[in-house]
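# Topology and contacts: notes
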Amino acid sequence: MTGRAPWPMLAGLLLLTAVAHLTTGPVAIPLAELPDHVIVHAVRLPRLIVVLLAGAMLGLAGALLQTVTRNPLAEPGLMGVSAGAVLAIVLAIIAASRIEGLGMVRDTGWHLGLAGVAGGMLAGALTYALSRRHGVSRPVLLVLMGVLVAGSASAVTSMLLLTADDNQLRLVLHWTIGSTNGRGWVHVEMLAPYAAAGLSMGLLSAGIANALQLGDGVAACLGLRVEPARLMLIFAAAVLTAGAVSVVGGIGFVGLIGPHLARMLVGNDARRLFPAAALVAALLLTLADLGARSLPLGWIEAWSRSPVTAPSGIPVGVVTPLLGVPFFLWLVFAHRPRA
Amino acid sequence: MMLAPNPETGLRAEALSVGYGDRAVLERVALHLPRGGITALVGPNGSGKSTLLKALARIMAPSGGTVLLEGQAIARLPSAEVARRLAVLPQAPVAPAGMTVAELVEQGRYPHAGPLRMLRRQDHDAIRDALAATGMTGFAGRALDELSGGERQRAWIALTLAQDTPWLLLDEPTTFLDIGHQLEVLELVARLNRERGITVLMVLHDLAQAARFADRLVVLHGGRLHSEGPPGTVLTPAMLAEVFRIEARIIPDAETGRPHMLPIRHLPDGAPAC
Ligand SMILES: Nc1ncnc2c1ncn2[C@@H]1O[C@H](COP(=O)(O)OP(=O)(O)OP(=O)(O)O)[C@@H](O)[C@H]1O
Ligand SMILES: [Mg+2]
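Residues numbered from 1 in each chain as written. Chains lettered and ligands numbered in written order. Predicted model: local features only at pLDDT ≥ 70, side-chain atom pairs only at ≥ 80, totals over all residues. Heavy atoms only, no water.

Right, let's talk about the overall build of chain B for a bit. When you go through chain B residue by residue, the secondary structure sums to 10 helices and 12 strands. For the C-alpha atoms alone, the extent of chain B along its principal axes is close to 60 × 45 × 40 Å. Put simply, chain B has 274 residues, and 50% of those count as buried. For chain B, the share of sequence-separated contacts (at least 6 apart) that also reach a separation of at least 24 residues comes to 64%. Split by element, the accessible area of chain B, about 12500 Å² in all, is 54% carbon and sulfur. (Helix = DSSP H or I, 4+ residues; strand = E, 2+ residues; numbered from the N terminus. Buried < 20%, exposed > 50% of the residue type's maximum accessible area, 1.4 Å probe, protein only. Contact = heavy atoms within 4.5 Å. Areas by Shrake-Rupley, 256 points an atom, 1.4 Å probe, with all protein chains shown as cover.)

So, about the packing of helix H1 (residues 6-23) of chain A against helix H2 (residues 38-69) of chain A. The axes of two packed helices give the description: the angle between them and the distance between them. All names here are of chain A. Following both chains from N to C, one finds H1 and H2 inclined at 145°, their axes separated by 9 Å at the closest point. With respect to the hand of their crossing, H1 and H2 are arranged in right-handed fashion. Contact with H1, carried on its side by Leu-14, Ala-18, His-21, Leu-22 and Thr-23, involves Val-40, Arg-44, Leu-45, Arg-47, Leu-48, Val-51 and Leu-52 of H2 and no other residues of that element. Among the residues forming the contact of H1 with H2, the class breakdown is eight nonpolar, two polar and two charged. (Axes fitted to C-alpha atoms, helices over the stretch in contact; angles between N-to-C directions. Left-handed = near helix turned anticlockwise from the far one by under 90°. Nonpolar A, V, L, I, M, F, W, Y, C, P; charged D, E, K, R; others polar.)

All right, on to the sheet that holds strand E4 (residues 64-69) of chain B then. Residues and elements named next belong to chain B. Spatial strand order, E2-E1-E4-E5: four strands in an open sheet with antiparallel pairing. On the outer flanks of this sheet lie strand E2 (23-33) and strand E5 (72-73), each paired with one strand and no other. Sheet analysis places strand E1 (residues 11-20) next to E4, joined by five bridges and oriented antiparallel. The residue of E4 that forms the bridge with Ala-13 is Val-67. Along the sheet face, helix H1 (residues 49-56) touches E1, E2 and E4 and points at about 120° away from the line of E1. (Pairing = 2+ DSSP bridges.)

All names here are of chain B. In the vicinity of ligand 1 there are 14 residues, among which Asn-45, Gly-46, Lys-49, Ser-50 and Thr-51 approach most closely. One of the side-chain nitrogen or oxygen atoms of Tyr-20 is found 3.3 Å away from a nitrogen atom of ligand 1. In this structure, Gly-48 approaches ligand 1 through a main-chain N or O atom, which is 3.0 Å from an oxygen atom. Protein chains bury 65% of the 630 Å² of accessible surface belonging to ligand 1 in isolation. Mapped onto the shell around ligand 1, the elements with two or more residues apiece are E2 and H1. Examining the composition of the shell around ligand 1, we find that three residues originate from one element, H1, more than from any other. Partitioning the shell around ligand 1 into residue classes produces three nonpolar, eight polar and three charged. (Near = heavy atom within 4 Å. Polar contact = N/O pair within 3.5 Å; in protein donor to acceptor, adjacent residues only side chain to side chain.)

Per the counting criterion, the structure on display carries zero aromatic pairs over all chains. The positively charged end of Arg-183 of chain A is found above the aromatic ring belonging to Trp-175 of chain A, 5.4 Å away from the centroid. Lying across the ring of Phe-213 of chain B, Arg-212 of chain B places its NZ or CZ 4.6 Å from the centre. (Phe/Tyr/Trp six-rings, centres within 6.5 Å; stacked < 30°, edge-to-face > 60°. Lys NZ or Arg CZ within 6 Å of the ring centre and 35° of its normal.)

Core analysis: the biggest nonpolar cluster contains 130 residues, and Phe-274 of chain A together with Val-101 and Met-202 of chain B have the highest contact counts within it. Element by element, the count of residues in this core is highest for helix H12 (residues 270-294) of chain A, at 13 residues. Looking at which domains feed residues into this core, each of domain 1 (11-235) and domain 2 (236-274) of chain B supplies at least three. Discounting residues that sit within four places of it in the chain, Phe-274 of chain A has contacts with Leu-60, Ala-63, Leu-64, Thr-67, Gly-202, Leu-203, Ser-205, Ala-206 and Ala-209 of chain A. (Core = buried A, V, L, I, M, F, W, Y, C linked by side-chain atoms within 4.5 Å. Domains from an automatic or database assignment.)

All names here are of chain B. Pairing is mixed in the open sheet, where six strands are placed in the order E6-E7-E8-E3-E9-E10. Every other strand in the sheet has two partners, leaving strand E6 (86-89) and strand E10 (224-229) as the edge strands with one partner each. The mean angle between the axes of side-by-side strands here comes to 15°, regardless of whether they run parallel or antiparallel. Of the pairings in the sheet, the one linking strand E3 (residues 38-42) to strand E8 (residues 199-203) comprises four bridges and is parallel in character.

To continue, consider the coordination of the magnesium ion (ligand 2). Residue and element names in this part refer to chain B. Within the protein, Ser-50 (OG) and Gln-91 (OE1) serve as the donor atoms for the magnesium ion (ligand 2), at 1.9 to 2.1 Å. Residue Ser-50 is found in helix H1, and its partner Gln-91 is found in the loop between E6 and helix H3 (101-106); the two are separated by 41 residues along the sequence. Classification of Ser-50 as buried rests on a relative accessible area of 18%. When its relative accessible area of 38% is taken as the criterion, Gln-91 is described as partly exposed. (Donors = N, O, S within 2.8 Å, 3.2 Å for Na, K, Ca; no water.)

Encoded structure:
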């Protein structure tokens, strides 16, 4: 496999999907009117940017963690970062409605984003601290402690939800599933600093990741200071995950499948794998978002005999598994390992 | 540098003590490896061979004593500097699933190129040389987990060769290999020593092979240095009884002049060690 051919293809696909994302929707906008259509500027462009950034962030975070833990099933939520972020957001939603006496808090607030990042980073730090023995973190323990931290955070979230009212529940549900509905320029601004910091840190650490994925012993023999290196990769992944989840919620699958697909395209060299994982995941999330907006809801309504209460479309987090699971099955059963 | 040539060119351990947590494994080991030769490190399972190798390569910090690489305390050298002078093959390394031989061997250039730089001409040359020396050129694009044990072992040795270091430390390079591939790897080591002047320290379990391919044997027993020297003086029935608890006959090999060993039986515990 040459490893070079996929770049133009990826770029082309991404461009096509982005244009489709901008032109389709409740109001179809012809290509020629795209540059100065008010809906594009006010609604679709910021949403597209959020989707692209969040997808790239989740994809790179997944690739980073798969490399650090040498575990192909690692995904952005592995360290409990997603669950921690969602818990903090739920806490913030409930606290805010208590304090302000509002029935519902708009989910666009900066404070939710900040709470999410703080909660996610805290959960990640806890996982890292728990997986350290004699000053060295063990990848196996990272996975294990991540499960514990994520499980505890989700349990607390569920408990909080028992006391929430209907409006809060609906809002919180969108965070736990993950949604890009109604994301505008304010979300682009919220996402941008974490995207800039996390993406550059993650992409620049590809050389280090290459050495680290050979195992601690070999990496040390190659002159790598293993623990600081691992901490840096984990930190980059946590920033990316916490940042993305704080704006779009706990969207699953793209951070798992993106890196796998990228690995099939460009191989294991992190210097190619990391950017490819970001691009592929951005592409997947854009496709899923397109799907979320155009998925027919009539059959759900017919089946449940009640209207679907999703005024701005169903959350994209519902679509990513629908897209991801068949794809993953195909990956596992139909695709032979690289020969 | 205009300094006088460094009189100390070997790898030296002085009163080296190493442990895991509270458990001491090596106790005050003193060892000097001169430049140029092949040394085999032998000893029973758990005697501390891998631990000694890790301490010599600075992968483990000693609890006491020092390691001097060409006269410099290795603990005070930058990690990348150590990795440019001394390559190590750990015992039973595992590569991530799907990684190709070329991707693995490329990592040998890490201490030279650093984390941010792309590979340069000299890096590609070193990678090509390492693949050729180990006979792995034709396997460059193959995934490591689809190779035989011997091919995989050669790929890992190619990684250490790509590091292009004057020192090579190998921990059990022949485990899992059939006798043919064992000899192939040992002959490769001998050739690298002869043709490139690489100094080798390797852990071996087969004492006959150790005696055949190494200029010097170093025997570890229970975390202490038992004996060292040329195979002819170290490989004796007394040492075998004391360290490995076996009775064996030592026969000089007419062709190589090295001692050959014929194991006879295991000595029961408590039997007098000669
Ligand atoms: N990571 C570790 N933590 C705790 N103890 C260890 C660790 N690694 C090795 N030991 C212990 O240190 C001692 C020496 O181990 P070492 O791996 O150096 O032996 P060895 O001579 O290489 O043995 P083998 O021939 O089986 O490879 C053993 O008693 C072993 O149980
Ligand atoms: Mg060992």
